[in-house]
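The primary structure of each chain is shown beneath.
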Amino acid sequence: MGEIKVIELKEEILSDNKNFAEELRTRLKASKTFMLNLMASPGAGKTSLVLNTIRELRDEFMIGVIEGDIASVVDSEKVMKEGIPVVQLKTGGFCHLDAYMIDKALSELDVKNLDLIIIENVGNLVCPAEFDTGAIKNAMILSVPEGDDKPLKYPLMFSICDVLVVNKVDFLDYSDFDMHEMKERVKSLNPEITIIDVSCKTGFNIGKWAQWLKDEIDLFQQEDALKV
Amino acid sequence: MHELPIVESILNIVLKHAQQNNAKKVVSISLKIGEMSDLIDEWVQRYFDYLSKGTIAEGAKLKIEKVPVVLKCEACGSSFQVDIRKDENIKCTQCNGDKVTLVSGREFHISSMEVM
């Protein structure tokens, strides 16, 4: 047997996906298409927020949706009923979407004529946080019934998001969810994050959320115009 | 569950470097993983053993070095370590400031490997 040799290297494990995600972002910038990656636990209200967002913004923007689901198509059927182009990615057991899967979905959408693409990521707070999808902004939903301790359990997810939507605030009266404590924790993990309380059920603050998204899209499309 | 694609990525990088160095066998692989990550060590080795079967990396031992979460206080500039899943209050140990930036804890790379 030969001698053992040590090879020093510093190679990012997920660099392939990261680089490819950058490539997707460059393409999206060229077509002025804002892509939002929406993440949350199962049942937090991702599909409800997607539907509400479509209703709020469909008059202003051309919208498309990418649905990531382990096996079913129920979510994409709901979006399709709204008359919005939707691509269903069945991940076949995979717990997250990565840039390569998103690329596949994008090839089925008329990207250059879309202003906004919403990715509904797989319901999970762990894996989606590790994989860059190529989205322009990352959003997550935390719903009140899940409890205020989620930032303690899933710090990475909270630290990579640009906006946190706290859904089902109509449940606050029935729970011991400490909103102040939760927000403090999130802010210490991620001082730049925007936090918006909503209720998809009552419609509370859906307008505020839609305004945040609209401002981000406008900014993104203007930035692009300035560069050209 | 996300360990599987991650391990696949590790194996590809390792095999690429092994080939570049004309290695006959990969003995061990050292990884640096920040505490922010939810990677479960045990599964990483198990998936690696499974995926590396029949390659020159079969049987290689994965050495995972966890890098602690270190934050820097924006107010006074001092750095301090936290247990991101346990510490109730993430505040500067010197001045109690709560505006912080992440110094380490997001590492996710292969630092070295031993080959023959």
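Residues numbered from 1 in each chain as written. Chains lettered and ligands numbered in written order. Predicted model: local features only at pLDDT ≥ 70, side-chain atom pairs only at ≥ 80, totals over all residues. Heavy atoms only, no water.

Draft legend 1. Broad picture of the interface of chain A and chain B. Across the contact, 35 residues belong to chain A and 35 residues belong to chain B. In total, about 3,300 Å² of surface goes out of reach between chain A and chain B, with carbon and sulfur atoms giving 61% of it. On the chain A side of the interface with chain B, the three residues burying the most area are Ile7, Leu9 and Ile13 of chain A, jointly 21% of the side's total. Linking chain A to chain B there are two salt bridges. When the shortest N-O distance is used, the salt bridge between Arg106 of chain B and Glu130 of chain A registers 3.8 Å. Applying the counting rule to chain A against chain B returns eleven residue pairs in polar contact (both at pLDDT 80 or more). Of all the secondary structure elements, the ones that give two or more residues to the side of chain A that touches chain B are strand 1 (5–12), helix 5 (150–153), helix 6 (155–160) and helix 7 (179–189) of chain A. (Contact = heavy atoms within 4.5 Å. Buried area = accessible area lost by both parts, 1.4 Å probe. Salt bridge = Lys/Arg side-chain N within 4 Å of Asp/Glu carboxyl O. Polar contact = N/O pair within 3.5 Å; in protein donor to acceptor, adjacent residues only side chain to side chain. Helix = DSSP H or I, 4+ residues; strand = E, 2+ residues; numbered from the N terminus.)

Draft legend 2. Representation of the sheet that holds strand 5 (residues 116–120) of chain A. Residue and element names in this part refer to chain A. Strands sit in the order 4-3-5-2-6-7-8 across an open sheet of seven strands; the sheet is parallel. In this open sheet, the two strands that pair with only one neighbour each are strand 4 (86–90) and strand 8 (194–197). Averaged over all adjacent pairs, the angle separating strand axes in this sheet is 20°, with direction ignored. Where strand 2 (residues 34–40) meets strand 6 (residues 137–143), five bridges bridge the pair, whose relative direction is parallel. Looking at strand 6, one finds that Met39 is bridged to Met140. Docked against the sheet, helix 3 (residues 74–81) engages strand 3 (63–69), strand 4 and strand 5, running at close to 165° with respect to strand 3. Across the sheet, helix 7 is in contact with strand 6, strand 7 (163–167) and strand 8; its angle to strand 8 comes to roughly 160°. (Pairing = 2+ DSSP bridges. Axes fitted to C-alpha atoms, helices over the stretch in contact; angles between N-to-C directions.)

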